[in-house]
Amino acid sequence: QVLAPPTNVEDCEAVQPDHVEKILNLLRDMYRWVVVDTSSHLNEVALVALERANRVYLLCDNMVPTVRACQRMLDTLVRLGIDTEQFRAVMSKPFPRSEITAKDVAEALKCEVVASIPYDDSTSVAAANQGLPLRDVNARSGIVESVRGAGGGYRFIGNARRLTLMDIIELFEDVTPPAAEREG
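Residues numbered from 1 in each chain as written. Predicted model: local features only at pLDDT ≥ 70, side-chain atom pairs only at ≥ 80, totals over all residues. Heavy atoms only, no water.

Chemist: Help me out: how do you make sense of the side chain of R88 in this one?
Modeler: Inspection of the secondary structure assignment puts R88 in strand β2 (residues 87–92). Within the structure, the side chain of R88 is placed 2.8 Å from the backbone oxygen of E85, a separation counted as a polar contact. With residues up to four places along the chain from it excluded, the contact list for R88 reads R55, V56, Y57, L58, C111, E112 and V114. (Helix = DSSP H or I, 4+ residues; strand = E, 2+ residues; numbered from the N terminus. Polar contact = N/O pair within 3.5 Å; in protein donor to acceptor, adjacent residues only side chain to side chain. Contact = heavy atoms within 4.5 Å.)

See below:
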C-alpha cells in the first residue's frame, strides 16, 4: 500500500510534523512494516520520521562527494540529538570503476552497509518511462533481485494514486483556510 504525497506543491506546506507523527503512530498500529521515503534534505517533517524510525536505510553511492554529504548529514543528525545507531547504508548504484569500496563507505559513515543495488540505468530508465516493473523490462538485471518481493506484501484495494498524504491529514485536522484566505 502506498500513501502518496500531496498532489499540489502548495499542499506540502500544510503538512506539519505533528501530522506526520500521528500518521506514523496510526500506521505502526496497522502494519508490521512502515516505509517512509524522505527527501534528501532535512526538514522538520523528515526529522520526525527519522526520530520515530526503528531502522533507517541511507542510500549512498561510492563517490567521495556523496559519501561526504552523507557524513555531514549524519553529523547534523547527531548534533540535533537523533540516535543514528539504527542507521544502515545501502549502496545505491555503486560505480564499478570507483576505487571506494563498501567497506570504505561503512568506515566513513560509521554504519554497516547492508545491501547494494546494482548499477543498471538502462533497465531503470526503461521501467520508469514505460511504467513497467523492472522484471518485465529485464528479468536478468541485477536490480531485479535487489528489489525482491516488490510484487508481494500488502496491496491497496483501490487507486493508490488517488489517496494522498493530505487525505490522511484531513482525518486529523481541519486544513481548510479561513474564508478571507480563500477569497483573496
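Chemist: Quick question: what am I supposed to make of the confidence of the model for the protein chain here?
Modeler: Any segment with low pLDDT has predicted coordinates that should not be analysed in fine detail. When the pLDDT values of the protein chain are averaged, the result is 76; 76% of them are 70 or greater. Mean pLDDT across the elements of the protein chain ranges from a minimum in helix α9 (residues 165–172), with 49, to a maximum in helix α4 (residues 64–79), with 94. Counting contacts from residues 146–163, a segment whose pLDDT is below 50, to residues more than four positions away or on other chains yields 16 contacts. (pLDDT = per-residue confidence, 0-100.)

Chemist: Explanation requested: the environment of L77 in the structure shown.
Modeler: Within the fold, L77 resides in helix α4. Not counting residues up to four positions away in its chain, the partners in contact with L77 are L42, L47, L50, I82, T84 and F87.

Chemist: Please explain the nonpolar core as it appears in this structure.
Modeler: A general tendency of soluble globular proteins is for nonpolar side chains to be buried together. Core analysis: the biggest nonpolar cluster contains 18 residues, and L58, C60, L74, L77, F87, V105 and L109 have the highest contact counts within it. Looking at this core, the elements that each hand over two or more residues are α3 (44–52), β1 (56–60), α4, β2 and α5 (102–109). Looking at which element gives the most residues to this core, the answer is α4, with 5 residues. The residues contacting V105, other than those within four sequence positions of it, are C60, D61, N62, V67, M91, I100 and V113. (Core = buried A, V, L, I, M, F, W, Y, C linked by side-chain atoms within 4.5 Å. Buried < 20%, exposed > 50% of the residue type's maximum accessible area, 1.4 Å probe, protein only.)

Chemist: Teacher, can you tell me more about α4 here?
Modeler: For an α-helix, 3.6 residues make a turn, and residues three or four places apart therefore share a direction. For α4, with 16 residues, the first-to-last C-alpha span of 22 Å sits near the 22 Å given by 1.5 Å per residue. In the segment just after α4, G81 is the residue with positive phi, at about 85°. (Expected span 1.5 Å × (residues − 1).)

Chemist: What am I meant to see in a nonpolar patch on the surface here?
Modeler: Among the surface-exposed residues, M63, F95 and Y119 lie close enough to one another that they form a single nonpolar patch of about 250 Å² accessible area. Mapping M63 onto the fold places it in the loop between β1 and α4. (Patch = residues over 30% accessible without salt bridge, like charges linked within 9 Å, V, L, I, M, F, W, Y side chains within 5 Å. Areas by Shrake-Rupley, 256 points an atom, 1.4 Å probe, with all protein chains shown as cover. Salt bridge = Lys/Arg side-chain N within 4 Å of Asp/Glu carboxyl O.)

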